[in-house]
Amino acid sequence: MGTPVVEAGSFACTHGGKRKLEGLSGKPGAAKVPLTVSGSPVVPVTAAGGLGQYENCGFSDNAGTLACSSTSITTTGATKLTVGGSSHVLLASDTVQSVNTRAGTITATVTAGQSTLTAK
Ligand SMILES: [Zn+2]
């Protein structure tokens, strides 16, 4: 069982930064997402990874501040729930990591954005 993440959700890095997921399904080249929960589209794994700034990330070192700028996702593929034909839906239980060229790759906190739908 897992909780599908919708665009109302977000990722948070350990430095207090937050990456919003709004508009991910509208990205150029992204699969159109036909499934919504409480009016918010579910987030495909393929759209959630990659570039995307963590707003208000407070990381800094001797070289100055540098916000986490992308996301790495490791999905168990446990869910059979797919969108756009092939992309798995991101679950709150998948491993999501914030990527920062100086701070490194660190496990991020996932907020699903909904609690009405669960998936096997
Ligand atoms: Zn950060």
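Up top is the structure.
Quick look at the structure, then.

About the thresholds
- Residues numbered from 1 in each chain as written.
- Predicted model: local features only at pLDDT ≥ 70, side-chain atom pairs only at ≥ 80, totals over all residues.
- Helix = DSSP H or I, 4+ residues; strand = E, 2+ residues; numbered from the N terminus.
- Buried ≥ 20, exposed ≤ 12 C-beta atoms within 10 Å, placed from the backbone.
- Contact = placed C-beta atoms within 7 Å.
- Pairing = 2+ DSSP bridges.
- Axes fitted to C-alpha atoms, helices over the stretch in contact; angles between N-to-C directions.
- Core = buried A, V, L, I, M, F, W, Y, C linked by C-beta atoms within 7 Å.

So, about the overall build of the protein chain. Secondary structure assignment for the protein chain yields one helix and 13 strands. Secondary structure elements of the protein chain, listed N to C terminal, follow the sequence β-β-β-β-α-β-β-β-β-β-β-β-β-β. Counting every position in the protein chain, which comprises 120 residues, the buried fraction comes to 36%. Here the analysis covers contacts within the protein chain between residues at least 6 apart in sequence; of these, 66% occur between residues at least 24 apart.

With that settled, consider the pairing of strand 11 (residues 95–100). A regular strand places its side chains on the two faces of the sheet in alternate fashion. By the bridge criterion, five bridges tie strand 8 (residues 70–74) to strand 11 in an arrangement that is antiparallel. In the strand pairing of strand 11, isoleucine 73 is matched with valine 96. Bridge count between strand 11 and strand 12 (residues 104–107): four bridges; the pairing is antiparallel. Paired with serine 98 across the strands is isoleucine 106, a residue of strand 12.

So, on to the sheet that holds strand 13 (residues 109–111). Pairing is antiparallel in the open sheet, where three strands are placed in the order 2-1-13. Each edge of the open sheet carries a strand with a single partner, namely strand 2 (18–20) and strand 13. Ignoring strand direction, the axes of neighbouring strands in this sheet form an average angle of 20°. For strand 1 (residues 10–12) and strand 13, the ladder comprises three bridges, and the chain directions are antiparallel. Following the sheet pairing, phenylalanine 11 is matched in strand 13 by valine 110.

To continue, consider the nonpolar core. Counting residues in each nonpolar core, the largest one holds 24 residues, and the members touching the most others are Val5, Val43, Ala48, Cys68, Leu90 and Val110. Ignoring any residue separated from it by four or fewer positions in sequence, one finds valine 110 in contact with Val5, Gly9, Phe11, Ala92 and Val96.

A few words on the environment of valine 37. Structurally, the position occupied by valine 37 is in strand 3 (residues 36–37). Separated by 79 residues in the primary sequence, valine 37 and threonine 116 have C-alpha atoms spaced 7.5 Å apart. Ignoring any residue separated from it by four or fewer positions in sequence, one finds valine 37 in contact with Pro4, Val6, Val42, Gln114, Thr116 and Leu117.

This part covers the sheet that holds strand 8. Taken together, four strands build an open sheet; the order of strands is 5-8-11-12 and the sheet is antiparallel. Both edges of this open sheet fall to strand 5 (50–51) and strand 12, since each of them pairs with a single strand only.

Mapped onto the elements of the fold, leucine 90 is located in the loop between strand 10 (87–88) and strand 11. For the pair leucine 90 and threonine 74, spaced 16 residues apart in the sequence, the C-alpha separation amounts to 9.7 Å.

Take unusual backbone geometry next. Phi at serine 38 is positive, roughly 50°, even though this residue is not glycine. Summarising the element assignment, serine 38 is placed in the loop between strand 3 and strand 4 (40–41). Here asparagine 56, not a glycine, exhibits a phi torsion of approximately 65°, which is positive. Among the structural elements, asparagine 56 can be located in the loop between strand 5 and strand 6 (60–61). Given 12 C-beta atoms within 10 Å, asparagine 56 falls into the exposed group.

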